[in-house]
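Understanding the architecture of this molecule
So the chains spell out like this:
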Amino acid sequence: MPNYNDIFIEDSKIAFDKKHRKTINFNISRYDEAVSRGKLRYKNLELAKIRASFIKDKVVANLAYYLKEFEKNAIRNNIQLIWARNSKEAVSEIIKVLKENDAHLLVKSKSMISEEIELNVNLEKNGFEPVETDLGEFIVQVAGENHITF
(Lines give C-alpha, C1' and ligand atoms only; values in the text may rest on other atoms or scores of the structure.)
Protein backbone atom coordinates (compact mmCIF):
# COMPACT_ATOMS: atom_id res chain seq x y z
CA MET A 1 0.00 0.00 0.00
CA PRO A 2 1.45 3.39 -0.96
CA ASN A 3 2.35 5.85 1.78
CA TYR A 4 -0.48 8.30 1.19
CA ASN A 5 0.84 10.70 3.81
CA ASP A 6 4.08 11.30 1.88
CA ILE A 7 2.19 11.50 -1.42
CA PHE A 8 -0.24 14.03 0.05
CA ILE A 9 2.55 16.20 1.49
CA GLU A 10 4.33 16.24 -1.87
CA ASP A 11 1.17 16.88 -3.86
CA SER A 12 -0.02 19.60 -1.47
CA LYS A 13 2.95 21.77 -2.37
CA ILE A 14 0.87 22.97 -5.32
CA ALA A 15 -1.32 24.84 -2.81
CA PHE A 16 1.46 27.42 -2.51
CA ASP A 17 1.53 28.05 -6.24
CA LYS A 18 0.26 31.64 -6.68
CA LYS A 19 -1.53 30.87 -9.96
CA HIS A 20 -3.26 27.88 -8.39
CA ARG A 21 -4.21 29.98 -5.34
CA LYS A 22 -5.71 32.62 -7.67
CA THR A 23 -7.80 29.90 -9.36
CA ILE A 24 -9.03 28.61 -6.00
CA ASN A 25 -9.94 32.11 -4.81
CA PHE A 26 -11.82 32.76 -8.05
CA ASN A 27 -13.82 29.54 -7.66
CA ILE A 28 -14.57 30.31 -4.01
CA SER A 29 -15.90 33.72 -5.04
CA ARG A 30 -18.15 32.00 -7.61
CA TYR A 31 -19.45 29.74 -4.84
CA ASP A 32 -20.29 32.73 -2.67
CA GLU A 33 -22.11 34.34 -5.60
CA ALA A 34 -24.08 31.13 -6.20
CA VAL A 35 -25.15 31.05 -2.54
CA SER A 36 -26.27 34.67 -2.76
CA ARG A 37 -28.25 33.96 -5.95
CA GLY A 38 -29.79 30.89 -4.33
CA LYS A 39 -30.99 32.94 -1.36
CA LEU A 40 -32.65 35.39 -3.74
CA ARG A 41 -34.91 32.59 -4.98
CA TYR A 42 -36.87 32.95 -1.74
CA LYS A 43 -39.24 35.85 -1.28
CA ASN A 44 -38.91 35.36 2.47
CA LEU A 45 -35.73 33.51 3.46
CA GLU A 46 -36.53 33.64 7.17
CA LEU A 47 -39.93 32.03 6.56
CA ALA A 48 -38.24 29.32 4.45
CA LYS A 49 -35.85 28.60 7.34
CA ILE A 50 -38.76 28.37 9.79
CA ARG A 51 -40.63 25.97 7.48
CA ALA A 52 -37.51 23.81 7.00
CA SER A 53 -37.01 23.68 10.77
CA PHE A 54 -40.67 22.70 11.25
CA ILE A 55 -40.32 19.83 8.74
CA LYS A 56 -37.13 18.64 10.41
CA ASP A 57 -38.75 18.70 13.87
CA LYS A 58 -41.80 16.83 12.52
CA VAL A 59 -39.64 14.10 11.00
CA VAL A 60 -37.57 13.69 14.15
CA ALA A 61 -40.70 13.52 16.30
CA ASN A 62 -42.14 10.82 14.01
CA LEU A 63 -38.91 9.06 13.11
CA ALA A 64 -40.24 5.53 13.69
CA TYR A 65 -43.05 6.15 11.19
CA TYR A 66 -40.70 7.58 8.56
CA LEU A 67 -38.19 4.73 9.00
CA LYS A 68 -40.96 2.16 8.45
CA GLU A 69 -42.14 4.13 5.41
CA PHE A 70 -38.57 4.23 4.08
CA GLU A 71 -38.19 0.48 4.60
CA LYS A 72 -41.49 -0.24 2.84
CA ASN A 73 -40.50 1.89 -0.18
CA ALA A 74 -36.99 0.44 -0.31
CA ILE A 75 -38.27 -3.14 -0.29
CA ARG A 76 -40.83 -2.25 -2.96
CA ASN A 77 -37.86 -1.09 -5.09
CA ASN A 78 -35.90 -4.32 -4.50
CA ILE A 79 -33.44 -2.72 -2.11
CA GLN A 80 -32.17 -4.87 0.73
CA LEU A 81 -32.04 -3.10 4.08
CA ILE A 82 -29.93 -4.10 7.03
CA TRP A 83 -30.88 -2.58 10.37
CA ALA A 84 -28.33 -2.08 13.13
CA ARG A 85 -29.02 -1.09 16.72
CA ASN A 86 -25.63 0.52 17.35
CA SER A 87 -22.28 1.32 15.77
CA LYS A 88 -20.72 -2.04 16.66
CA GLU A 89 -23.57 -3.90 14.99
CA ALA A 90 -23.45 -1.59 11.94
CA VAL A 91 -19.72 -2.16 11.43
CA SER A 92 -20.19 -5.90 11.89
CA GLU A 93 -22.95 -6.00 9.26
CA ILE A 94 -20.86 -3.97 6.79
CA ILE A 95 -17.87 -6.28 7.27
CA LYS A 96 -20.15 -9.29 6.79
CA VAL A 97 -21.35 -7.91 3.42
CA LEU A 98 -17.77 -7.18 2.34
CA LYS A 99 -16.64 -10.70 3.24
CA GLU A 100 -19.62 -12.27 1.47
CA ASN A 101 -18.60 -10.39 -1.68
CA ASP A 102 -14.86 -11.06 -1.28
CA ALA A 103 -14.19 -7.30 -1.29
CA HIS A 104 -10.84 -5.94 -0.17
CA LEU A 105 -10.65 -2.44 -1.61
CA LEU A 106 -13.68 -0.18 -1.45
CA VAL A 107 -14.49 3.41 -2.27
CA LYS A 108 -16.67 5.43 0.06
CA SER A 109 -18.58 8.61 -0.46
CA LYS A 110 -18.75 11.30 2.18
CA SER A 111 -20.94 10.27 5.09
CA MET A 112 -20.99 11.63 8.63
CA ILE A 113 -22.49 8.37 9.87
CA SER A 114 -19.39 6.49 8.71
CA GLU A 115 -17.34 9.01 10.71
CA GLU A 116 -19.54 8.53 13.76
CA ILE A 117 -19.12 4.75 13.71
CA GLU A 118 -15.39 5.06 12.86
CA LEU A 119 -15.96 2.90 9.80
CA ASN A 120 -12.58 3.45 8.13
CA VAL A 121 -10.62 2.52 11.25
CA ASN A 122 -12.75 -0.57 11.79
CA LEU A 123 -12.46 -1.65 8.16
CA GLU A 124 -8.69 -1.26 8.22
CA LYS A 125 -8.47 -3.28 11.47
CA ASN A 126 -10.27 -6.07 9.61
CA GLY A 127 -8.01 -6.05 6.54
CA PHE A 128 -10.05 -3.85 4.20
CA GLU A 129 -8.78 -0.77 2.39
CA PRO A 130 -11.35 2.05 2.28
CA VAL A 131 -10.65 5.00 -0.02
CA GLU A 132 -12.65 8.22 0.24
CA THR A 133 -14.05 9.75 -2.96
CA ASP A 134 -14.60 13.20 -1.42
CA LEU A 135 -11.38 15.24 -1.56
CA GLY A 136 -11.81 16.72 1.90
CA GLU A 137 -12.57 13.32 3.40
CA PHE A 138 -9.63 11.80 1.53
CA ILE A 139 -7.29 14.44 2.99
CA VAL A 140 -8.60 13.72 6.48
CA GLN A 141 -8.20 9.97 5.86
CA VAL A 142 -4.62 10.31 4.58
CA ALA A 143 -3.74 12.54 7.52
CA GLY A 144 -5.10 9.84 9.84
CA GLU A 145 -7.52 12.26 11.45
CA ASN A 146 -11.25 12.39 12.24
CA HIS A 147 -13.78 15.16 11.69
CA ILE A 148 -15.39 14.19 14.95
CA THR A 149 -13.67 13.98 18.31
CA PHE A 150 -15.13 11.53 20.76
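Relevant structure appears above.
So, here is what we can say about the structure in this document.

Parameters and conventions
Residues numbered from 1 in each chain as written. Predicted model: local features only at pLDDT ≥ 70, side-chain atom pairs only at ≥ 80, totals over all residues. Heavy atoms only, no water. Core = buried A, V, L, I, M, F, W, Y, C linked by side-chain atoms within 4.5 Å. Buried < 20%, exposed > 50% of the residue type's maximum accessible area, 1.4 Å probe, protein only. Helix = DSSP H or I, 4+ residues; strand = E, 2+ residues; numbered from the N terminus. Contact = heavy atoms within 4.5 Å. Pairing = 2+ DSSP bridges. 1 Å grid on protein atoms, 1.4 Å probe; cavity = no way out; pocket = protein on both sides within 12 Å on 5 of 7 lines; lining within 4 Å. Points joined across faces, edges and corners; volume = space filled by probe spheres on them. Nonpolar A, V, L, I, M, F, W, Y, C, P; charged D, E, K, R; others polar. Phe/Tyr/Trp six-rings, centres within 6.5 Å; stacked < 30°, edge-to-face > 60°. Salt bridge = Lys/Arg side-chain N within 4 Å of Asp/Glu carboxyl O.

Overview of the nonpolar core
Inside soluble globular proteins, nonpolar side chains tend to come together where they are buried. Residues Ala90, Val91, Ile95, Leu98, Ala103, Leu106, Ile117, Leu119, Leu123 and Phe128 constitute the largest nonpolar core, which totals 10 residues. Looking at this core, the elements with two or more residues in it are helix H5 (87–100) and helix H7 (119–125). The greatest single-element share of this core, amounting to 4 residues, is contributed by H5. Those residues in contact with valine 91 that sit more than four places away from it in its chain are Ile117, Leu119 and Asn122.

Side note on unusual backbone geometry
Positive phi outside glycine occurs at aspartate 102, with the angle close to 50°. Locating aspartate 102 in the fold gives a position in the loop between H5 and strand S1 (105–108). In this model, glutamate 118 sits at a positive phi of 50°, which is unusual for a non-glycine residue. Along the chain, glutamate 118 turns up in the loop between helix H6 (112–116) and H7. Here glutamate 118 falls in the partly exposed class, since its relative accessible area comes to 33%.

A word on the pairing of S1
Burial along S1 is one-sided: Leu106 and Lys108 are buried, while Leu105 and Val107, pointing the other way, are not. Inspection of the sheet shows S1 paired to strand S2 (residues 129–132) by 4 bridges, in the parallel sense. Pairing of leucine 106 across the sheet is with proline 130, part of S2.

A word on the layout of surface pockets
There is about 250 Å³ of room inside the second largest pocket. Of all the elements, H5 adds the most residues to the lining of the second largest pocket, at 3 residues. Its residues assigned to classes, the lining of the second largest pocket comprises 8 nonpolar, 1 polar and 1 charged.

Focus: the packing of aromatic side chains
Using the criterion set out here, one finds 1 aromatic pair in the structure. Taken together, a centroid distance of 5.1 Å and an interplanar angle of 80° make the contact between tyrosine 65 and tyrosine 66 edge-to-face. The class for tyrosine 66 is partly exposed, based on a relative accessible area of 29%.

Quick word on the pattern of salt bridges
All told, the structure shown has 4 salt bridges when counted by the stated rule. When the shortest N-O distance is used, the salt bridge between glutamate 69 and lysine 72 registers 3.5 Å. Placement of both glutamate 69 and lysine 72 in helix H4 (residues 63–76) is noted, with a separation of 3 residues, approximately one turn of the helix. Among the ionic pairs, glutamate 89 bridges to arginine 85, the shortest N-O distance being 2.9 Å. Residue classification places arginine 85 among the exposed positions, given a relative accessible area of 74%.

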